[in-house]
Amino acid sequence: MYLHLGGDVLIKKDEIVTIIDLDITKISQTNQVFLDKMKNHYKNIYYISDKGKEKTLIVTIKDLYFSPISSITLFRRSFTEIGNES
């Protein structure tokens, strides 16, 4: 099964590690340090929207995705089946 992150981007649900609301990362310095380390650790970073418009960070096993779609909407979509492989 897949999750639509916005634009033309679909990822396999079983590859998702976490979905992070970027507004939360602005609250504390610790969260900002974490976000900076994530950006330095991952080689593949994808911006689905224009920079500055991202609302959510999706961390997968191999990649980071910055999505313009809210974390709540992505959470709801995660319960909808797209491209069920069964």
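Residues numbered from 1 in each chain as written. Predicted model: local features only at pLDDT ≥ 70, side-chain atom pairs only at ≥ 80, totals over all residues. Heavy atoms only, no water.

**Student:** Is there a simple way to explain the overall build of the protein chain in this structure?
**Tutor:** For the protein chain, the count of helices and strands is three helices and six strands. For the protein chain, the sequential pattern of α-helices and β-strands runs β-β-β-α-α-β-β-β-α. Expected size for 86 residues packed as a compact globule is a radius of gyration near 12 Å; at 13 Å, the protein chain falls within 12% of this value. Dimensions along the principal axes, computed over C-alpha positions, put the protein chain at roughly 45 × 25 × 20 Å. Taken across its 86 residues, the protein chain has 30% of its residues classed as buried. Contacts in the protein chain between residues far apart in sequence, at least 24 positions, make up 49% of those at least 6 positions apart. Total accessible area computed for the protein chain in this model is approximately 5,800 Å², and 52% of it derives from carbon and sulfur atoms. Across the protein chain, the mean location of the 12 positive side-chain charges is 4 Å away from that of the 11 negative side-chain charges. (Helix = DSSP H or I, 4+ residues; strand = E, 2+ residues; numbered from the N terminus. Rg over C-alpha atoms; globule rule 2.2 N^0.38 Å. Buried < 20%, exposed > 50% of the residue type's maximum accessible area, 1.4 Å probe, protein only. Contact = heavy atoms within 4.5 Å. Areas by Shrake-Rupley, 256 points an atom, 1.4 Å probe, with all protein chains shown as cover. Lys, Arg positive; Asp, Glu negative; His and termini not counted. Charge placed at Lys NZ, Arg CZ, Asp CG, Glu CD.)

**Student:** Even after reading the chapter, I still don't get the environment of Arg 77, so can you show me in this structure?
**Tutor:** As for its placement among the helices and strands, Arg 77 is situated in helix α3 (residues 71-77). Owing to a relative accessible area of 27%, Arg 77 belongs among the partly exposed residues under this scheme. On a C-alpha basis, the gap between Arg 77 and Tyr 2 in space is 9.4 Å, while along the polypeptide they are 75 residues apart. In this structure Arg 77 touches Leu 3, His 4, Gly 6, Lys 13 and Ile 69, once residues within four positions along its chain are discounted. At 2.9 Å, the side chain of Arg 77 and the side chain of His 4 are in polar contact. (Polar contact = N/O pair within 3.5 Å; in protein donor to acceptor, adjacent residues only side chain to side chain.)

**Student:** Please explain the packing of aromatic side chains as it appears in this structure.
**Tutor:** Using the criterion set out here, one finds three aromatic pairs in the structure. With 5.1 Å between their ring centres and 25° between their planes, Tyr 46 and Tyr 65 make a pair best called stacked. Taken together, the positions of Tyr 46 in strand β4 (residues 44-47) and Tyr 65 in strand β6 (residues 63-67) put the pair 19 residues apart, joining distant regions of the chain. Judged by its relative accessible area of 11%, Tyr 65 falls in the buried class. (Phe/Tyr/Trp six-rings, centres within 6.5 Å; stacked < 30°, edge-to-face > 60°.)

**Student:** I would appreciate a short explanation of the sheet that holds β4 in the present structure.
**Tutor:** Sheet architecture is open: four strands sit in the order β3-β5-β6-β4, paired in mixed fashion. Pairing within the sheet leaves two strands with one partner each, and these edge strands are β3 (16-21) and β4. Mean inter-strand twist for the sheet, computed between neighbouring axes without regard to direction, equals 15°. Where β3 meets strand β5 (residues 56-60), five bridges bridge the pair, whose relative direction is antiparallel. (Pairing = 2+ DSSP bridges. Axes fitted to C-alpha atoms, helices over the stretch in contact; angles between N-to-C directions.)

Everything listed here is a matter of coordinates, which is why it stays silent on function.
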